[in-house]
Every structure is written in structure tokens, then in C-alpha cells.
Amino acid sequence: MLTRIDHIGIACHDLEATVAFYQETYGFGDAHYETNQEQGVREAMLRINTTGDGAASYLQLLTPIRDDSPVAKWLAKNGEGVHHIAFGTDGDVQDEADGIASKGVRVLYDAPRNGSMGSRITFLHPKDCHGVLTELVQKAGTAPQDG
Ligand code: MC0
């Protein structure tokens, strides 16, 4: 089941300046920084709130580390702004993706990949989701291999 907005992904050119904007303007706390080579991004996670399933909701600020990454391509076309929304699962992310695929939505990965803070993630095609690139997230510690 999808239980939360896990994060909203925001593409930006200057990660540090964008983090500073969110901290200074809204008072959000320390950022968790990470580089995801596979996705071609450096990112900062700003926690907004904890959620009823023991997880949390975040803003995810993303800047590309390669010109051929999805975020670089998207930034070149659209400029800075909201890039995707991510829903959190309370169970296995592949099971969730399979259920959604059975409704005719294209799942972009055959198997979950590595996301922020040890999570397992997959994506749904924006053209099948009314123009919204949609990510599914299973937080760290809930996959069979984590137990
Ligand atoms: C592309 N499109 C989007 C979009 N990206 N629409 C809404 N939101 C987006 N973010 C639209 C384009 O405008 C275009 O529409 C059509 O989809 C095809 O896009 P494209 O530019 O030709 O690019 P493709 O087809 O090569 O790739 C699009 C696709 C790709 C969504 C398949 O970006 C992808 O695989 N994304 C998933 C991975 C990802 O985004 N990673 C970055 C975040 P028109 O109408 O012009 O044809 S990594 C992350 O978030 C991790 C670290 C985490 O959360 O832990």
C-alpha cells in the first residue's frame, strides 16, 4: 500500500544555493547529502515531517552530475522546478509496482534500484501518469535483504 508522500524531487542547477534557499526561507533543518552514480545526480534530502508508518516525507533537491542523466535532460528542457513525486510503500516496492503495472501503467525498471538513504526505488512513466514522473519508494530496513 502507498502510505505517504515520501518526497518531492526538485531539479536545480546549484545544489548548495537551493538548499540554503529552503533552509533560510522555510526553516528546514540539516540536509542529508548523497551522490547516486546510477541515476547521475547529487542530491540533498530535507526532512519535512515524520509519518505514521515510521518513515518521513522529504524535499529532494537534485542536480545532475552527468550531461546524459535524466535530470540534466529535464533541466535543459524545462529549467529548474518540480521533477517528480515519490510515494512511499509500506511493503515490497516490486509488489506495488507489479500491481500498478497490471492497471496498464509502464514501470520503468524490471527490478528496483538503489535510492536515497538505502531505499529501493522504481519509476512509473510520466506519460501514463497524467504528465507526472512518479517514483515508488521502499524505505531502508524493510526489504528482505535488509533483515
Ligand atoms: C521526461 N518527461 C517528463 C519528465 N521527464 N514529464 C514529466 N516529468 C518528468 N520528470 C516527458 C518529456 O517531456 C517527454 O514528453 C517524454 O517524457 C519523454 O522524455 P524525454 O525527455 O524524451 O526522455 P526519455 O524518454 O529519454 O526519458 C524519460 C524518462 C526518464 C521518464 C523515461 O527520465 C527516466 O527514466 N526517468 C526515471 C529516472 C529519473 O528520472 N532519475 C532522476 C531522479 P514529450 O511530450 O516531449 O514527448 S533520481 C532519484 O530521484 C533517486 C536518486 C531517488 O529518489 O532516490
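For clarity, every value in this text was computed on a predicted model and none was experimentally measured. (Residues numbered from 1 in each chain as written. Predicted model: local features only at pLDDT ≥ 70, side-chain atom pairs only at ≥ 80, totals over all residues. Heavy atoms only, no water.)

A. Region of the structure containing the overall build of the chain. In terms of regular secondary structure, the chain is built from three helices and eight strands. Ordered by position in the sequence, the α and β elements of the chain form the string β-α-β-β-β-α-β-α-β-β-β. Here the C-alpha atoms of the chain give a radius of gyration of 15 Å, agreeing with the 15 Å that 2.2 N^0.38 yields for 147 residues. Counting all 147 residues of the chain, 42% fall into the buried class. Across the chain, every contact between residues at least 6 apart in sequence was considered, and the portion connecting residues at least 24 apart equals 56%. When the accessible surface of the chain is summed, it comes to about 7,800 Å², and 51% of that surface belongs to carbon and sulfur atoms. (Helix = DSSP H or I, 4+ residues; strand = E, 2+ residues; numbered from the N terminus. Rg over C-alpha atoms; globule rule 2.2 N^0.38 Å. Buried < 20%, exposed > 50% of the residue type's maximum accessible area, 1.4 Å probe, protein only. Contact = heavy atoms within 4.5 Å. Areas by Shrake-Rupley, 256 points an atom, 1.4 Å probe, with all protein chains shown as cover.)

B. The arrangement of the nonpolar core in detail. In this structure, Ile-10, Cys-12, Leu-15, Val-19, Tyr-22, Ala-44, Leu-46, Leu-59 and Leu-61 together form the largest nonpolar core, which totals nine residues. Residue contributions to this core peak at three residues, all from helix 1 (residues 15–26). Every residue in contact with Leu-59, bar those within four places of it in the chain, is listed here: Ile-8, Ile-10, Tyr-22, Phe-28, Ala-44, Met-45, Leu-46 and Ile-48. Membership of the second largest hydrophobic core comes to seven residues, among which are Val-93, Ile-100, Val-105 and Leu-136. (Core = buried A, V, L, I, M, F, W, Y, C linked by side-chain atoms within 4.5 Å.)

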